Amino acid sequence: MSKKWIKNGIIVTSSDTYQADLLIDGGEIIGIGKMPDIDNAEVIDASGLYVFPGAVDEHTHMSMPFNGTESMPWESETVAAAVGGTTTIVDFALQARGSSLTDTIRKWQTRAEGNTAIDYNLHVAITDLTNDIMEEISTAVKLGVSTFKLFMAYKGELMVDDSTMFRMLQKAKEVGALVMVHAENGDIISLLQQQLLSEGKTEPYYHAVSRPIDIETEATHRAIKLAKAAGSPIFIVHVSSGEPAEEIRRARASGQPVFAETCPQYLFLDESYLALPDFEGAKYVCSPPLREKSQHEQLWNAITDGTLQAIGTDHCSFDFKNQKYLGRNDFSKIPNGGNGIEHWIPLLYTYGVKAGKISLNRFIELISANPAKFMGLYPRKGTIAVGSDADLVLFDPKVEQTITASSQLQGSDYNFYEGWQVQGAARHVLLRGEVIVKNGTYVGSRTQGQFIHAKPFGAAFQKVGE
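Parameters and conventions
- Residues numbered from 1 in each chain as written.
- Predicted model: local features only at pLDDT ≥ 70, side-chain atom pairs only at ≥ 80, totals over all residues.
- Heavy atoms only, no water.
- Helix = DSSP H or I, 4+ residues; strand = E, 2+ residues; numbered from the N terminus.
- Rg over C-alpha atoms; globule rule 2.2 N^0.38 Å.
- Areas by Shrake-Rupley, 256 points an atom, 1.4 Å probe, with all protein chains shown as cover.
- Lys, Arg positive; Asp, Glu negative; His and termini not counted.
- Charge placed at Lys NZ, Arg CZ, Asp CG, Glu CD.
- Expected span 1.5 Å × (residues − 1).
- Buried < 20%, exposed > 50% of the residue type's maximum accessible area, 1.4 Å probe, protein only.
- Contact = heavy atoms within 4.5 Å.
- Axes fitted to C-alpha atoms, helices over the stretch in contact; angles between N-to-C directions.
- Left-handed = near helix turned anticlockwise from the far one by under 90°.

1. Structural notes on the overall build of the protein
Part 1 of the reasoning: The helix and strand tally for the protein stands at 12 helices and 19 strands.
Part 2 of the reasoning: For the protein, whose C-alpha radius of gyration is 21 Å, the value lies close to the compact-globule estimate of 23 Å for 466 residues.
Part 3 of the reasoning: Counting only C-alpha atoms and orienting by the principal axes, one finds that the protein spans roughly 75 × 50 × 40 Å.
Part 4 of the reasoning: In the form shown here, the protein has an accessible surface area of approximately 16,800 Å², with 47% of it arising from carbon and sulfur atoms.
Part 5 of the reasoning: The average position of the 42 basic charges and that of the 56 acidic charges among the side chains of the protein differ by 3 Å.

2. A short note on helix α8 (residues 242-253)
Part 1 of the reasoning: Counted at 1.5 Å a residue, the expected span for α8 with its 12 residues is 16 Å, and the 16 Å between its end C-alpha atoms agrees.
Part 2 of the reasoning: For α8, the set of buried residues is Gly242, Pro244, Ala245, Glu247, Ile248, Ala251 and Arg252.
Part 3 of the reasoning: Residues of α8 that are buried sit in contact with α7 (213-230), β13 (234-236), β14 (258-262) and α10 (295-304).
Part 4 of the reasoning: Note on α8: the residue one or two positions beyond its end, glycine 255, has a positive phi of about 95°.

3. Section: the packing of helix α11 (residues 344-353) against helix α12 (residues 360-374)
Part 1 of the reasoning: It is at 11 Å that the axes of α11 and α12 come closest, and there the two elements cross at 145°. The chirality of how α11 crosses α12 is right-handed. Facing α11, whose interface residues are Trp344, Ile345, Leu348, Tyr349 and Val353, α12 presents Leu360, Phe363 and Ile367.

4. Looking at unusual backbone geometry
Part 1 of the reasoning: Residue proline 288 follows serine 287 across a cis peptide bond; omega there is -5°.
Part 2 of the reasoning: Assignment of secondary structure puts proline 288 in the loop between α9 (264-268) and α10.
Part 3 of the reasoning: Across the junction of tyrosine 378 and proline 379, the peptide omega takes the value 5°, indicating a cis bond.
Part 4 of the reasoning: Tracing the sequence through the fold places proline 379 in the loop between α12 and β16 (392-402).
Part 5 of the reasoning: If you check the backbone angles, asparagine 439 has positive phi at about 50° while not being a glycine.
Part 6 of the reasoning: With respect to the helices and strands, the residue asparagine 439 is situated in the loop between β18 (434-438) and β19 (441-442).
Part 7 of the reasoning: A relative accessible area of 55% places asparagine 439 in the exposed class.
Part 8 of the reasoning: Residue phenylalanine 457 is not a glycine yet carries a positive backbone phi of 55°.
Part 9 of the reasoning: Here phenylalanine 457 is to be found in the segment after β19.

Structure (structure tokens):
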């Protein structure tokens, strides 16, 4: 790896904004400040640019089996992520019934090996918690996986019952692992789906009708109470609206270690997209579903007051014509998920920072620092500090662009944000000191991404408010 000298940039972390040079060697940041002339260093001029730590998207689904098909692959989606300014993802590895956790981890690592443009870690989604699997959790932590996901939804497929969740929370507490929960009441969703379909209500809009806010709120409340009884921290994923956020806010106010994320689609899109004609609404089927537009402000308030600590994309991308159409006559068969990893950073910069909803430092905290902290990757990832990986985004705040599927690198045939105008873009991106994006163009190799071991007892094990 060549030594690099990044000059004249404005460095932005979750806590500070200042002008300084960076010296990089061996894949790490080795110096910050005003540098004397440095021999044998490649100079990168960052004049007029922000220098961000690479984004850590702690919620992705690459090559994930779902509803008889599979989401877009590592090969295309991690390149799109890199060009957008994401340098690390934490992907969900789904345990198949009867499979061990070790086999699940190895399976996902095999899928990623040689196919990922950026670094990654894994959460393991547990669907079959036998006694043997329970004993294997500590082994998974030693293998570098410190986060586990439980689904309260998708009855008959991924959903676990309350006793499974409680046992998992107890065990995770022992080994310093963080339990992440998809909080929707799967029993009621299944019942509502059956009722709606029996009435001939098959269109994409009824996906949202079958998953009302109350169903998410109830499950969020239940998950929080189970975590309290187990004495374990918990992390609620993809909070879609103000009511479940209020459950989290109330628990945190009492001192309980409850943490959560939301996603860009819940901040920018609404349920009217699901009602688009000619089955176009299927493009926007994700779970939890898009909510009323009035929920946007409530989520921004939850971000502002610290109720929500992170933003992740929940990138789970499918083609419209080849995959979403599997549910043409039955909304329950539409593959759940959307795209967004390529453009989430300029979207949040434009409609978050530029719109005055969050500061530049809070922006970095939400997309980089906090995800790294909760996933056990900090300070190697998520910050700009001596000794940290040189995962850097040289961000040009002046660039204007229109998001469109015709020019995207994401593999699907549509874009969640088609036609949206955004300001700001990654000009250069470095992964462990190597330039993988230059002048907005991907110049790296899909063999460069590495599995990064996560450490147990991350930020969730600290007291709320510290």
